[in-house]
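Below are the chains, spelled out letter by letter.
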Amino acid sequence: MGHMEFYKPIIVMIVMQFTYGAVSITTRASLLEGMNPRVFVFYRQAFATLVMAPVAYFSSRNKTTRCIGWKSFWLIFLASLIGITISQMVFLEGLYLASSSAGSAIFNLVPAITFVAASIIGYEPVNIRSLRTIAKIFGTIVCVTSAAAMALIKGPKLLNTHLPSSNSLLLNSTEIDNLWLLGCFCLFASSCCWSFWLIIQVPVTKSFPDHLSLSAWMCFMATVQSGAFLLISDPHLDAWKITSYFQFGSVLYAAIVGSGISIILQSWIIQKRGPVFSAMFNPLNTVVVTIFASIFLKEQIYVGSAVGAVGIVIGLYIVLWGKAKDLEELKEQQEKNTMVSEKDQTDVVEVLVDEANINEPLLSKETNKF
């Protein structure tokens, strides 16, 4: 039983990487079938809201009701705009123009980008003389360099046929030879948005600590935001149509699994093993997506892309090693503070016992007098 408890998080993370890979493959297949990327984002968030809202309601029904204030509202609105609406729309543009394997590989830049942004803001301590800080800086450089190599050295695009131009905001004004580079740039921009979303979570969760309700609110606000953007970019209602059962199924699967169940499982994994353990499995998603994409979508794998993806994974693990050392030091410091606190309490008890022992003979003498 103990061994099973140990392997449960590992099994869950492996299964989740396969489900994430399925989300990437089915999403790209829907886009290549002709589905509008912005419509996909809108329906995905709408379905995710329908899934998350009841879960959040019933989970917090017995808790003390907590109204959302204006500060929490605007923080959640900003987090939804950057981390969901803009991030997913730009990501799908990149997925549409480049490939699902490139999207999965470049998304591994998130820990490195988060480290740079958090260091600039002041959330991440930087000590240039520390080995773990040097490792995080070096890993970040490796990640970014590999991503640039993956985009620039790639050359021709992956697909054998030209991509349709009707559903992309960027394709009509771009030469065909530059689609791969533009797609990688969109994927990089999406990774930056997601990194900023992770940083924004610090004040957001502090202002509104109910995670399930927070997720439901974000999905709802992202639905409103993406719907407003869709009205501006595609005012004709014909663009909102889902034209096949496969497109409907891929949107529903991405909403339930990618935006619903995964949030609950990720929270459970982080609670059990911590965020670093969760991030360690991200490169497995790159391998899964690359294999599935080459089989089902006929995506070709070139040397430049493969080398860049491997470099991103190596840089990711170097950054994660530095973060793991930070967590170890933080845990040791917390244990040390706990031991000091317990020692202080023990000293206080010993002082009180000594005082009681000293006063006991005096009380006995006073009692004998009577």
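The notes below deal with the structure included here. Since this is a predicted model, take the numbers as computed values, not measurements.

1. Focus: the overall build of the protein
What the protein contains, in helices and strands, is twelve helices and zero strands. Along the protein, helices and strands appear, N-terminal first, in the series α-α-α-α-α-α-α-α-α-α-α-α. Put simply, the protein has 370 residues, and 44% of those count as buried. Pairs at least 24 apart in sequence give 88% of the contacts found in the protein among residues at least 6 apart. Surface accessibility of the protein: about 20,100 Å² in total, with carbon and sulfur atoms responsible for 69%.

2. Thoughts on the packing of aromatic side chains
Applying the stated criterion to the full structure yields 14 aromatic pairs. When the centroid spacing of 5.2 Å and the interplanar angle of 65 degrees are considered together, the rings of Phe42 and Trp240 count as edge-to-face. Of the two residues, Phe42 is situated in helix α2 (residues 37–59) and Trp240 in the loop between α8 (211–233) and α9 (245–273); the sequence distance between them amounts to 198 residues. Under the relative-accessibility criterion, Phe42 is labelled buried at 15%. An angle of 25 degrees between the planes, with centres 6.4 Å apart, marks the rings of Phe73 and Phe77 as stacked. Of the two residues, Phe73 and Phe77 are both situated in helix α3 (residues 70–97); the distance of four residues between them amounts to about one turn of the helix.

3. Examining the nonpolar core
For soluble globular proteins, the rule of thumb is that nonpolar side chains tend to be buried together. Core analysis: the largest hydrophobic core is formed by 45 residues, its most contacted members being Tyr43 and Leu92. Setting aside chain neighbours within four positions, we find Leu92 in contact with Thr27, Leu31, Pro37, Phe40 and Val41. Of all hydrophobic cores here, the second largest spans 14 residues; its members include Ile84, Phe208, Met221 and Ala222.

4. Examining the side chain of Ser191
By secondary structure assignment, the location of Ser191 is in helix α7 (residues 179–207). By relative accessible area, which is 1% here, Ser191 ends up buried. Contact partners of Ser191, with chain neighbours within four places excluded, come to Ile106, Phe107, Val110 and Ile113.

5. Here's the deal with a nonpolar patch on the surface
Taken together, the side chains of Val116, Ile120, Ile121, Tyr123 and Val202 define a hydrophobic patch exposed on the protein surface, amounting to about 500 Å² of accessible area. Mapped onto the elements, Ile121 comes out in helix α5 (residues 110–121).

6. Considering the packing of α3 against α7
Two elements in contact, α3 and α7, have axes whose closest approach is 8 Å; the angle formed by their N-to-C orientations is 160 degrees. Taken together, α3 and α7 sit at an angle that is classed as roughly antiparallel. Between α3 and α7 the crossing geometry is left-handed. Residues that form the contact of α3 with α7 fall into these classes: 23 nonpolar, eight polar and two charged.

7. Observations regarding the packing of α2 against α3
Closest axis-to-axis distance for the α2/α3 pair is 9 Å, and the angle between their directions is 140 degrees. In this view, α2 runs oblique relative to α3, as classed from their interaxial angle. As for the relative orientation of α2 and α3, their crossing is right-handed in sense. Facing α2, whose interface residues are Pro37, Arg38, Phe40, Val41, Arg44 and Gln45, α3 presents Ile84, Gln88, Met89, Leu92 and Glu93.

8. Examining the pattern of salt bridges
Tallied over the full model, the rule gives three salt bridges. A salt bridge links Arg38 to Glu93; the shortest N-O distance between them is 3.3 Å. Note that Arg38 is positioned in helix α2 and Glu93 in helix α3, a separation of 55 residues in sequence. Judged by its relative accessible area of 7%, Glu93 falls in the buried class. Where Asp238 meets Lys241, a salt bridge forms, and the shortest distance between an N and an O atom there is 3.5 Å. Here Asp238 and Lys241 have matching classes, each one exposed. One network of salt bridges, with partners in common, ties together Arg38, Glu93 and Asp234.

The rules behind these values
Position numbers for residues start from 1 in each chain and track the written sequence from start to end. Where totals are concerned, whole chains, interfaces and linings use all residues; where local detail is concerned, this predicted model gives features only for residues with pLDDT of at least 70, and gives and counts side-chain atom pairs only at 80 or more. Calculated side-chain values reflect all of the structure's heavy atoms, with hydrogen atoms and water omitted. A run of DSSP states H or I qualifies as a helix once it reaches four residues; a run of E qualifies as a strand once it reaches two. Both are numbered from the N-terminal end. Exposure categories follow from relative accessible area, calculated using a 1.4 Å probe and restricted to protein chains: below 20% of the type maximum is buried, above 50% is exposed, and the middle band is partly exposed. Throughout, a residue-residue contact means that at least one pair of heavy atoms, one from each residue, lies within 4.5 Å. The Shrake-Rupley method, run with a 1.4 Å probe, gives the accessible areas here. Residue values count only the displayed protein chains as cover. Aromatic pairing here means that ring centres of Phe, Tyr or Trp (its six-membered ring) are within 6.5 Å. Orientation follows from the plane angle: under 30 degrees is stacked, over 60 is edge-to-face, and everything else is tilted. Grouping buried Ala, Val, Leu, Ile, Met, Phe, Trp, Tyr and Cys residues that are joined through side-chain atoms within 4.5 Å yields what is termed a nonpolar core. Exposure above 30% relative accessible area and the lack of any salt bridge qualify a residue for a patch; like charges then connect within 9 Å, and the nonpolar side chains Val, Leu, Ile, Met, Phe, Trp and Tyr within 5 Å. The rule for a salt bridge is simple: a side-chain nitrogen of Lys or Arg has to be within 4 Å of a carboxyl oxygen of Asp or Glu. With axes taken as lines fitted to C-alpha atoms, and helix axes fitted only over the stretch in contact, angles between N-to-C directions fall between 0 and 180 degrees. An angle below 35 degrees is read as roughly parallel, one above 145 as roughly antiparallel, one from 65 to 115 as roughly perpendicular, and any other as oblique. Less than a right angle of anticlockwise turn of the near helix away from the far helix marks a crossing as left-handed, whereas a clockwise turn marks it as right-handed. Ten residues, namely Ala, Val, Leu, Ile, Met, Phe, Trp, Tyr, Cys and Pro, are considered nonpolar, four, namely Asp, Glu, Lys and Arg, are considered charged, and the remaining ones, Gly among them, are considered polar.

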